[in-house]
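Working through the structure, step by step
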Amino acid sequence: MIAKISSGKDTAGLIRYLFDTKKAKDHTDPHLVASWDGFAPDPGRTDDFTATRKLLVADLDLRVKQARRLGRAPERHVWHCSLRTATTDRHLSDEEWADITRRIVAVTGIAPQDDPDGCRWVAVRHAPDHIHIAATKVRGDLSTARHWNDYLTADRELAAIEKEYGLLQVVRGDRTAAKRSTRAEQEKAHRQGQDKSARERLRTIVRTAVAASTSTEEFIHLLSHTEGVLVEAVYFPSGDVRGYKVASKDNLTSSKEPIWYSGSTLAPDLSLPRIRTRLEATDQPSRRPPRSPNPWHQATSATERIPHHLTEHDDRASQAHLAAFGEALDALPLLAPAPIRAQLREAASAFERATRSRIRAEHDHARALRSATRAMLREPASSDGTALAMLLDAAILVTIAATRWHQLRHHDQQVAAAQQALLHLQAAFDQTAAAPLAALIRRRPPQPTVDRHVHHIRRAIPEHSEHVLADPAIAALTAALAEAEAHGHDPERLLSQAADQRALDDARSPARTLAWRIQRISARPTPNARARATQAHMTVRPDGSPSTPAHEASTVTSLPPGARRR
């Protein structure tokens, strides 16, 4: 059930509208369902409509006129609240609407329960699916009603009403969502042939610029060089950026002036102070040494760790990881091939809502992913799509984990946003992974080698082996294992590492997930002879202490020397 609350200063005008049946075609049977004392005159149930309407207005305004003589009446003395059920809900009876109305005027402070001095109000029903509550804000003691935060208190009560009456439970937010485009903005975009308003387009552009920047100066520079965007920055005397605003060149007023938006009006996390906080938690890029890790692999590794971070008890760190993941999604359309850019833009746009909540993020916790994202922008992915497929595969599991994290904290809007993003990410992944997966399957080793790797799978990951072996992508996994073995890696050790560092329960294709992971691990330098000898005789307990020889404890995950369990 949705509530809309507003204030006004014309009681007669509001009552005239609520009982009108000529201009408003959906006003089929206007009548009162409840009032402050149960005896208010009802223009909808009388033969003399005009006289009764005037009498109702006079009764509602009685205390307003009394307070006005004392100079105590508020200028906007009318309180108006509309309540509407969902199209799928049953039609409530007049008695049910009356009960709902009394609860709403009570919790909002218009007419608290058992308060003889409550404001005067009426509830008018003129259509099957909604009612209007009209009240005047002057109480019986001629003081003004205390109705601060009336929308929030009404919304909380409506959530309880939905459960009690078996109505659709509306997805509710926490007031951290970006401001929606107005109806005028949407209609203007439609006239211009745009599928999104200028506000929404600018929000996407600014978020992408943040994802690609390492400093506020670079952020302003990227915005100012974006086609179709106007930027104005305000500077401190020191030369540091103080604030900014943006406009679209095709979004002008009637006098041909640009319509400007500050960052905070685009989204709460796009104000310059919030952007600066995130950028300060990003390592400055440096020239890659010859044997430095691939930034795409670094980004994928950091992404894979996010579900683990979300299971810990540091909500501020978790919020930071979700924000950094959102930035990575913002950057991907810049790096992806043309056929999947639209899906990735939609995924980033949807997940944007899931990156914010009332929990304040500690952005230093997400340096790894944020820095890897900036590095990716400076190094294209492999042309065969493998690196992008690996990252998208990890992103899907993060989105599932984010949905659960928000569900546990009752962040309804964020849950819906993550679920929507998941659909787009899965579509982009399926399209991206098809070619590299087919190429990997074509390199499937001979059957004796396949059988040997099946044995490795049963030994290394017994808890997942049956699920993995039944996966149609098992051919890709055995091919990845054969290639890694040819480069000097131990297949069982790779499988243990891959399963240990990546959740498999949520993977749509565990064999494919392991194949991506093994390809990435095996791309690292092969351990030298001394390291392999040490690894062959030593494993690591979960607490990091030495344990039994590896051949005697196949279910214990071993790590190479110098590696750190994540």
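Keep in mind that what you see is a predicted model, and the values were worked out from it rather than measured.

1. Describing the overall build of the protein
When you go through the protein residue by residue, the secondary structure sums to 21 helices and eight strands. Along the three orthogonal principal directions, the C-alpha set of the protein runs to about 100 × 55 × 45 Å. When the 566 residues of the protein are sorted by exposure, 51% land in the buried category. Across the protein, contacts joining residues at least 24 apart in sequence account for 71% of those joining residues at least 6 apart. Carbon and sulfur atoms make up 51% of the accessible area of the protein, which totals about 27,900 Å². Mean positive and mean negative side-chain charge positions of the protein (81 and 69 charges, respectively) differ by 4 Å.

2. Some details on unusual backbone geometry
Here the phi dihedral of D114 falls at roughly 60 degrees; this positive angle occurs in a residue that is not glycine. Looking at the secondary structure, you find D114 in the loop between α3 (94-107) and β4 (121-127). Unlike most non-glycine residues, H410 shows phi in positive territory, near 60 degrees. Within the secondary structure layout, H410 lies in the loop between α14 (386-408) and α15 (412-442). Judged by its relative accessible area of 65%, H410 is exposed.

3. Considering the packing of helix α10 (residues 295-310) against helix α13 (residues 367-376)
Direction vectors running N to C along α10 and α13 enclose 150 degrees, while the axes themselves pass 8 Å from each other. Classified by the interaxial angle, the pair formed by α10 and α13 is roughly antiparallel. In this structure, α10 meets α13 at a crossing whose hand is left-handed. Judged by residue contacts, P295, W296, Q298, A299, A302, T303, R305 and I306 of α10 engage A368, L369, A372, A375 and M376 from α13. Residue classes in the contact of α10 with α13 are distributed as ten nonpolar, two polar and one charged.

4. Quick word on the sheet that holds strand β8 (residues 261-262)
Ordered in space as β6-β7-β8, the three strands form an open sheet in which the pairing is antiparallel. Looking at strand neighbours, the two that pair on one side only are β6 (229-235) and β8, the edges of this open sheet. As paired strands, strand β7 (residues 241-248) and β8 are joined by two bridges and run antiparallel to one another. Considered in β8, the bridge of K245 is made with S262.

5. Topic: the pairing of strand β2 (residues 31-35)
Within β2, five of the five residues are buried, which leaves it mostly tucked inside the rest of the structure. In this sheet, β4 lies alongside β2 in antiparallel orientation, the contact comprising four bridges. Across the sheet, residue L32 finds its bridge partner in β4, namely V124.

6. Looking at empty space enclosed by the protein
Summed over all chains, the structure comprises one cavity of 30 Å³ or more. Each pocket or cavity is described by its volume, and for the largest cavity that value is around 50 Å³. Contributing to the lining of the largest cavity are D393, I396, L397, D506, A507, R508, S509, R512 and T513. Looking at the lining of the largest cavity, the elements that each hand over two or more residues are α14 and α20 (510-522).

7. Let's talk about the nonpolar core
By size, the foremost hydrophobic cluster in this structure holds 76 residues, and its most contacted members are L332, F351, I457, L477 and I518. Of all the elements, α14 adds the most residues to this core, at 14 residues. Core analysis: the next-biggest nonpolar cluster, separate from the first, contains 27 residues, I110, A111, A154 and Y165 among them.

8. Notes on the sheet that holds strand β3 (residues 78-84)
Sheet architecture is open: five strands sit in the order β1-β3-β5-β4-β2, paired in antiparallel fashion. Taken across any chain shown, the strands that pair with only one partner, and hence form the sheet edges, are β1 (2-8) and β2. Sheet twist, expressed as the average angle between the axes of neighbouring strands with direction ignored, equals 20 degrees. Seen against the sheet, helix α1 (residues 11-18) touches β3, β4 and β5 (130-136) and runs at an angle of roughly 160 degrees to β5.

9. Things to note about the environment of M1
You can see M1 is positioned in the segment before β1. Placed 157 residues apart in sequence, M1 and L158 show a C-alpha to C-alpha distance of 6.4 Å. If we ignore the near neighbours within four places in the chain, the residues touching M1 are L83, R84, T85, L92, W97, I100, L158, E162, L167, L168, V170 and R172.

10. Overview of the packing of aromatic side chains
Following the criterion strictly, the structure yields three aromatic pairs and no others. Their ring planes at 90 degrees and their centres at 5.1 Å tell us that F325 and F351 sit as a pair that is edge-to-face. One end of the pair, F325, is in helix α11 (residues 315-335); the other, F351, is in helix α12 (residues 338-351), and 26 residues separate them in sequence. Owing to a relative accessible area of 1%, F325 belongs among the buried residues under this scheme. Judged by its relative accessible area of 1%, F351 falls in the buried class.

11. Brief notes about the pairing of β3
On a regular strand, one side chain projects to one face of the sheet and the next to the other, so that they alternate. When you tally the buried positions in β3, you get six out of seven residues, the bulk of the element. Where β1 meets β3, seven bridges bridge the pair, whose relative direction is antiparallel. Each bridged residue has a counterpart across the sheet, and for G8 the counterpart in β3 is V78. Alignment of β3 against β5, held across seven bridges, turns out to be antiparallel. The residue bridging C81 from the neighbouring strand is I133, located in β5.

12. A closer look at helix α19 (residues 491-500)
The buried fraction of α19 amounts to nine of the ten residues, a majority that puts the element mostly inside the structure. Of all the positions in α19, only P491, E492, R493, L494, L495, S496, Q497, A498 and A499 are classed as buried. With a side-chain oxygen lying 2.9 Å from the backbone nitrogen of E492, the N-terminal cap of α19 falls on D490.

13. Describing the pattern of salt bridges
Inspection of every chain in the model, using the stated rule, returns 36 salt bridges. In this structure, R353 and D174 form a salt bridge, with 2.9 Å as the shortest nitrogen-oxygen distance. In this pair, R353 is assigned in the loop between α12 and α13 and D174 in the loop between α4 (150-165) and α5 (183-191), connecting sequence segments 179 residues apart. For D174, a relative accessible area of 15% gives the class buried. Between E492 and R459 there is a salt bridge, and its shortest N-O distance comes to 2.9 Å. Of this pair, E492 sits in helix α19 while R459 sits in helix α16 (residues 447-460), and the two are 33 residues apart along the sequence. With a relative accessible area of 18%, E492 lands in the buried category. Accessibility expressed as a relative area gives 31% for R459, which makes it partly exposed.

What counts and how
Residues numbered from 1 in each chain as written. Predicted model: local features only at pLDDT ≥ 70, side-chain atom pairs only at ≥ 80, totals over all residues. Heavy atoms only, no water. Helix = DSSP H or I, 4+ residues; strand = E, 2+ residues; numbered from the N terminus. Buried < 20%, exposed > 50% of the residue type's maximum accessible area, 1.4 Å probe, protein only. Contact = heavy atoms within 4.5 Å. Areas by Shrake-Rupley, 256 points an atom, 1.4 Å probe, with all protein chains shown as cover. Lys, Arg positive; Asp, Glu negative; His and termini not counted. Charge placed at Lys NZ, Arg CZ, Asp CG, Glu CD. Axes fitted to C-alpha atoms, helices over the stretch in contact; angles between N-to-C directions. Parallel < 35°, antiparallel > 145°, perpendicular 65-115°, else oblique. Left-handed = near helix turned anticlockwise from the far one by under 90°. Nonpolar A, V, L, I, M, F, W, Y, C, P; charged D, E, K, R; others polar. Pairing = 2+ DSSP bridges. 1 Å grid on protein atoms, 1.4 Å probe; cavity = no way out; pocket = protein on both sides within 12 Å on 5 of 7 lines; lining within 4 Å. Points joined across faces, edges and corners; volume = space filled by probe spheres on them. Core = buried A, V, L, I, M, F, W, Y, C linked by side-chain atoms within 4.5 Å. Phe/Tyr/Trp six-rings, centres within 6.5 Å; stacked < 30°, edge-to-face > 60°. Polar contact = N/O pair within 3.5 Å; in protein donor to acceptor, adjacent residues only side chain to side chain. Salt bridge = Lys/Arg side-chain N within 4 Å of Asp/Glu carboxyl O.

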